[in-house]
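Read off the chains here:
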Number of protein chains: 2
Amino acid sequence: MKVKTSLLLGTVLIAAIHGIVRAAEDPLPSWNDGPGKKAVVDFVARVTKEGSPGFVPVAERIAVFDNDGTLWAEQPMYVQLAFALDRVKALSSQHPEWKTKEPFASLLKGDLKGALAGGEPAIFQIVMATHAGMTTEEFEKTVRDWIATAKHPKTGRLYTEMVYQPMLELLAYLRANGFKTWIVSGGGQEFMRPWTERVYGIPPEQVIGSHGELKYELRDGKPVLVKEAKVALIDDKAGKPVGIQKFIGRRPIFAFGNSDGDLEMLQWTAAGSGPRFMGLVHHTDAEREWAYDRKSSIGRLDKGLDEAKAKGWTVVDMKRDWRRVFPFEKP
Amino acid sequence: MKVKTSLLLGTVLIAAIHGIVRAAEDPLPSWNDGPGKKAVVDFVARVTKEGSPGFVPVAERIAVFDNDGTLWAEQPMYVQLAFALDRVKALSSQHPEWKTKEPFASLLKGDLKGALAGGEPAIFQIVMATHAGMTTEEFEKTVRDWIATAKHPKTGRLYTEMVYQPMLELLAYLRANGFKTWIVSGGGQEFMRPWTERVYGIPPEQVIGSHGELKYELRDGKPVLVKEAKVALIDDKAGKPVGIQKFIGRRPIFAFGNSDGDLEMLQWTAAGSGPRFMGLVHHTDAEREWAYDRKSSIGRLDKGLDEAKAKGWTVVDMKRDWRRVFPFEKP
């Protein structure tokens, strides 16, 4: 009996230790086992195995990620729009003309819907009025100050807490396997760069986004770069492969998005030779996050969903594939 | 006597070993001892010493280098112009109109001086006619093929051998000390990227240069990026800080150039806080390379030389400071 007990105890102990070791070794603990996780792990194993036909040298392990809706939540509105709206309020005393000029007039009355009724041109006006004219250093400070305190309207969490835990794990997992991780976002390049290193481990020089022209000039004898009200790149849709070529100069082998704005980036990635990974986050979890796809005005995923199915790209079903969505949820 | 001999022998041996170790340890063997080498070594020691007031974290160790005249020879003409001239010849059969149209007509008659009499607009026409219209992949292949065989008109060496050995050592030395090394050149971004990794150890995504707009389109159902005849950035003079901010998004702490085209890049680097290194290659060696500065049409160094002296920037005198200029010279 004594021997049996100690054997049993030993077996239990060993099993427990195995469990701990397995959990400690799993680089993607917030991903449920399933096709999504398997596709990622299989791909990484394939391209990192030296001597195998799928092997990819470290220098060519380029992974690109959309930001809004792929790395952090984009509902109920793009975070950068929330930033711009706060800036309109902060700057309104310097712009008395905004009281009677749309889209600012509606905005200042708290009528967001009315302000955005003008569609993209209205948004463009808001962004330019709040982003252009200042120096890059002034703008960076404004973003840093805002992002340190601004909170999500629904959860009351900091926006930088509204990032997807499984994607943080995926970024770290790829980097541990020699990948260089990049953001390729329709959002503003200079809006993301001040915090992506701290939040995602992605340094500013690996952040590609929409951006305007800059002008070098001397102010009080000191060189500054002034943000101009002139678009240089809209890094969305067909602009994403353009941004990738301009900034990276080689084709990614791994691309992750969540909307039709990412379709060309995924197509561009898919069209290269050798092993490729194309992934889409499918927002299916109305309880823990939001559920939206084909008819959403923000982050619409329609053509992309069809193409992913037709081409066998990986569609991550948030509800099914993610054990945990946000870092603040209990593991 | 026996003891004395063995002591002497021991001393000689130890001295010899010390000498070998010292040489093996010198990361800059092609630099003569002097103020240029000392400034570099002192700066690197200062910013890498943890706990010291000058310490700079690895992520912020950004070093930028001009290319033409700083990393490789730019005389008697920019290498990219030689490439463009060869392309004009290669493409002339498809362009019968060039026979009577300047600057192409003069060029095809072998009259380089006449062709370039039109100044920058003429060069611009030549570059656009030979660079635009093709896809980025086609252009990359054209560059790869050309650079593999094209030779310098004076030395008969491959252009990729006409690189400065002391600068190769400096790039490697900085990288060994946690720096990320970047090229910031007035030359074409897509002309440099196909070979900078092999020649300088600088990957394409760390090469910033002048570049045109790109257009994403489908050709035979396959996505391509087409080079358009529209300038996006002239990465020279005030364009250099602009390129740095767009691509890197943080200010370099180390910058090296050789001409007035690099002045704004050096000023932008100098204007940051904390330790800074600003360096200029001064072409003073007519025998091993070329001697030119204030009045040269290529790589003019005039205002920069004055500002360097006034501000205490490091001016590397090629004749005095470099033991060896090119890798093919005997060490």
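The residue numbering used here restarts from 1 in each chain and proceeds along that chain's sequence as written. Throughout, the order in which chains and ligands are written sets their labels, letters from A for the former and numbers from 1 for the latter. The predicted origin of the model limits local features to residues at a pLDDT of at least 70 and limits the giving and counting of side-chain atom pairs to 80 or more, whereas totals for whole chains, interfaces and linings rest on all residues. Hydrogens and water are ignored here; the side-chain numbers use all heavy atoms of the structure.

### What about the interface of chain A and chain B?
Reasoning step 1: Note on contacts: a residue pair qualifies if any of its non-hydrogen atoms lie within 4.5 Å across the two residues. Listed by partner, the interface residues are 38 residues for chain A and 38 residues for chain B.
Reasoning step 2: Across the chain A/chain B interface, buried area totals approximately 3100 Å², and carbon plus sulfur atoms make up 54% of it.
Reasoning step 3: For salt bridges, the criterion is a side-chain nitrogen of Lys or Arg within 4 Å of an Asp or Glu carboxyl oxygen. For the pair chain A and chain B, the number of links is ten salt bridges.
Reasoning step 4: The shortest N-O distance in the salt bridge between B:Glu137 and A:Arg251 comes to 3.1 Å.
Reasoning step 5: Nitrogen and oxygen atoms within 3.5 Å of one another constitute a polar contact, given that in protein one can donate a hydrogen and the other can accept it, and given that sequence-neighbouring residues count only through two side-chain atoms. One can count 26 residue pairs in polar contact (both at pLDDT 80 or more) joining chain A with chain B.
Reasoning step 6: Taken together, the elements giving at least two residues each to the side of chain A that touches chain B come down to helix H7 (136-147), strand S2 (180-188), helix H9 (189-200), strand S3 (207-219), strand S4 (222-233), helix H10 (239-247) and helix H11 (263-270) of chain A. Two parts placed together each lose some accessible area under a 1.4 Å probe, and adding up what both lose gives the buried area. Comment: elements are numbered from the N terminus, with helices defined as DSSP H or I runs of at least four residues and strands as E runs of at least two.

### Topic: the side chain of A:His211
Reasoning step 1: With respect to the helices and strands, the residue A:His211 is situated in strand S3.
Reasoning step 2: With residues up to four places along the chain from it excluded, the contact list for A:His211 reads A:Gln189, A:Val231, A:Ala232, A:Leu233, A:Phe247 and B:Lys246.

### Some details on a nonpolar patch on the surface
Reasoning step 1: By definition, no residue in a patch forms a salt bridge, and every one has over 30% relative accessible area; like charges are joined within 9 Å, nonpolar side chains (Val, Leu, Ile, Met, Phe, Trp, Tyr) within 5 Å. For every accessible area listed, the method is Shrake-Rupley and the probe measures 1.4 Å; residues are considered covered only by the protein chains on display. Where nonpolar side chains cluster on the molecular surface, the patch consists of A:Phe124, A:Val231 and A:Ile234 and spans about 250 Å² of accessible area.
Reasoning step 2: Looking at where A:Ile234 falls in the secondary structure, it is placed in the loop between S4 and H10.

### Looking at the packing of aromatic side chains
All names here are of chain A.
Reasoning step 1: Centres within 6.5 Å make a pair out of two Phe, Tyr or Trp rings, where for Trp the six-membered ring is used; the pair is then stacked when the planes are under 30 degrees apart, edge-to-face when over 60, and tilted otherwise. Scanning the entire structure with this criterion turns up 41 aromatic pairs over all chains.
Reasoning step 2: An angle of 25° between the planes, with centres 4.5 Å apart, marks the rings of Trp72 and Trp195 as stacked. With a gap of 123 residues between them, Trp72 in the loop between strand S1 (62-65) and helix H3 (79-91) and Trp195 in helix H9 connect regions that are remote in the sequence.
Reasoning step 3: The buried label applies to any residue whose accessible area, calculated with a 1.4 Å probe on protein chains only, is under 20% of its type's maximum; exposed applies above 50%, and partly exposed to all values in between. According to the relative accessible area criterion, Trp72 is buried, its value standing at 1%.
Reasoning step 4: On the basis of relative accessibility, which here comes to 0%, the residue Trp195 falls in the buried class.
Reasoning step 5: A connected cluster of aromatic rings, assembled from ring pairs, spans Phe43, Phe65, Phe179, Phe254, Phe256 and Phe277.

### Topic: the relation of the copies chain A and chain B
Reasoning step 1: Rotating chain A by 180° and moving it 0.0 Å along the rotation axis overlays it on chain B with an RMSD of 0.0 Å. These values place the two chain copies in the arrangement generated by a two-fold rotation axis. The C-alpha atom lying nearest the rotation axis in chain A is that of A:Phe247; the distance is 3.3 Å.
Reasoning step 2: The share of interface residues of chain A whose copies in chain B are also at the interface is 100%, consistent with both copies meeting through the same surface. Overlaid copies result from least-squares superposition on C-alpha atoms, with residues included only where pLDDT is at least 70 in both.

### Here's the deal with helix H8 (residues 165-176) of chain A
Residue and element names in this part refer to chain A.
Reasoning step 1: How far a helix is expected to stretch is found by multiplying one less than its residue total by 1.5 Å. Taking 1.5 Å of rise per residue, twelve residues should cover 16 Å, and H8 covers 17 Å from first to last C-alpha, within 8% of that figure.
Reasoning step 2: Within the sequence span of H8, burial applies to Gln165, Pro166, Met167, Glu169, Leu170, Leu171, Tyr173 and Leu174.
Reasoning step 3: Buried positions along H8 lie against helix H2 (35-48), S1, S2, H9, strand S5 (254-257) and strand S6 (277-284).
Reasoning step 4: Just downstream of H8 lies Gly178, where phi reads positive at about 85°.

### Notes on the pairing of S3(A)
Residues and elements named next belong to chain A.
Reasoning step 1: Two strands form a pair only when DSSP identifies at least two bridges running between them. Bridging between S2 and S3 involves three bridges; their strand directions are parallel. Across the sheet, residue Val184 finds its bridge partner in S3, namely Ile208.
Reasoning step 2: As paired strands, S3 and S4 are joined by eight bridges and run antiparallel to one another. Each residue of the ladder has a partner; that of Arg219, found in S4, is Lys222.

### Notes on unusual backbone geometry
Reasoning step 1: B:Pro76 follows B:Gln75 through a cis peptide bond whose omega is 0°.
Reasoning step 2: Considering the arrangement of structural elements, one finds B:Pro76 in the loop between strand S1 (62-65) and helix H3 (79-91).
Reasoning step 3: Here A:Asp220, not a glycine, exhibits a phi torsion of approximately 55°, which is positive.
Reasoning step 4: Secondary-structure assignment places A:Asp220 in the loop between S3 and S4.
Reasoning step 5: The backbone phi angle of A:Lys237 is positive, close to 50°, even though this residue is not glycine.
Reasoning step 6: On the basis of relative accessibility, which here comes to 45%, the residue A:Lys237 falls in the partly exposed class.

### Observations concerning the confidence of the model for chain A
Reasoning step 1: As a per-residue measure, pLDDT reflects the predictor's confidence and takes values from 0 up to 100. Chain-level statistics for chain A give a pLDDT mean of 93 and a share of 93% at 70 or above.
Reasoning step 2: Scored as a complex, the prediction yields pTM 0.92 and ipTM 0.91.

### With respect to helix H2 (residues 35-48) of chain B
Residues and elements named next belong to chain B.
Reasoning step 1: Here H2 is 14 residues long and its end C-alpha atoms lie 20 Å apart, about the 20 Å a rise of 1.5 Å per residue gives.
Reasoning step 2: Here H2 has its buried residues at Gly36, Lys37, Val40, Phe43, Val44 and Val47. Viewed end-on, H2 has its buried residues packed into an arc of 135°, placing them on one side of the element. Exposed side chains of H2 directed beyond 90 degrees from the buried face belong to Pro35 and Lys38.
Reasoning step 3: Those residues of H2 that are buried are in contact with helix H8 (165-176), strand S5 (254-257), strand S6 (277-284), strand S8 (314-317) and helix H13 (318-321). By arc we mean the arc of the directions from the helix axis to the C-beta atoms, nothing more.

### Topic: the packing of H3(B) against helix H6 (residues 119-131) of chain B
Residue and element names in this part refer to chain B.
Reasoning step 1: In contact at an axis separation of 9 Å, H3 and H6 are set at 60° when each is read in the N-to-C sense. When the axis of H3 is compared with that of H6, the two are oblique. For the pair H3 and H6, the crossing hand works out as left-handed. Judged by residue contacts, Gln80, Leu81, Phe83, Ala84, Leu85, Arg87, Val88 and Leu91 of H3 engage Ile123, Ile126, Ala129, Thr130 and His131 from H6.
Reasoning step 2: Across the contact of H3 with H6, the residue classes tally to nine nonpolar, three polar and one charged. Helix axes are fitted only over the stretch in contact, all axes being lines through C-alpha atoms; the angle between N-to-C directions runs from 0 to 180 degrees. Working definition: roughly parallel below 35 degrees, roughly antiparallel above 145 degrees, roughly perpendicular at 65 to 115 degrees, and oblique for all remaining angles. In this scheme the handedness of a crossing depends on how the near helix is turned from the far one: anticlockwise by less than a right angle means left-handed, clockwise means right-handed. Here the term charged refers only to Asp, Glu, Lys and Arg, the term nonpolar to Ala, Val, Leu, Ile, Met, Phe, Trp, Tyr, Cys and Pro, and the term polar to all other amino acids, Gly among them.

### Remarks on the environment of A:Asn67
All names here are of chain A.
Reasoning step 1: Tracing the backbone shows Asn67 in the loop between S1 and H3.
Reasoning step 2: The exposure class of Asn67 is buried, given its relative accessible area of 2%.
Reasoning step 3: In this structure the C-alpha to C-alpha distance between Asn67 and Lys227, which are 160 residues apart in sequence, comes to 22 Å.
Reasoning step 4: Residues within four places of Asn67 in sequence aside, it is in contact with Trp72, Ile183, Ser185, Met192, Trp195 and Tyr200.

### Details of the pattern of salt bridges
Reasoning step 1: Tallied over the full model, the rule gives 48 salt bridges over all chains.
Reasoning step 2: Two residues, B:Lys37 and B:Asp33, come together in a salt bridge whose shortest N-O distance is 3.7 Å.
Reasoning step 3: Of the residues examined, B:Lys37 reaches a relative accessible area of 9% and is grouped as buried.
Reasoning step 4: Through salt bridges with shared partners, a single network forms among A:Lys180, A:Arg250, B:Glu197 and B:Glu205.

### A word on the environment of B:Ile147
All names here are of chain B.
Reasoning step 1: Within the secondary structure layout, Ile147 lies in helix H7 (residues 136-147).
Reasoning step 2: Note on Ile147: relative accessible area 2%, which makes it buried.
Reasoning step 3: Once the C-alpha coordinates of Ile147 and Val199 are considered, the two residues, 52 residues apart in sequence, prove to be 11 Å apart.
Reasoning step 4: Non-local contacts of Ile147, meaning those with residues more than four positions away in its chain, are made with Trp72, Leu158, Thr160, Trp195 and Arg198.

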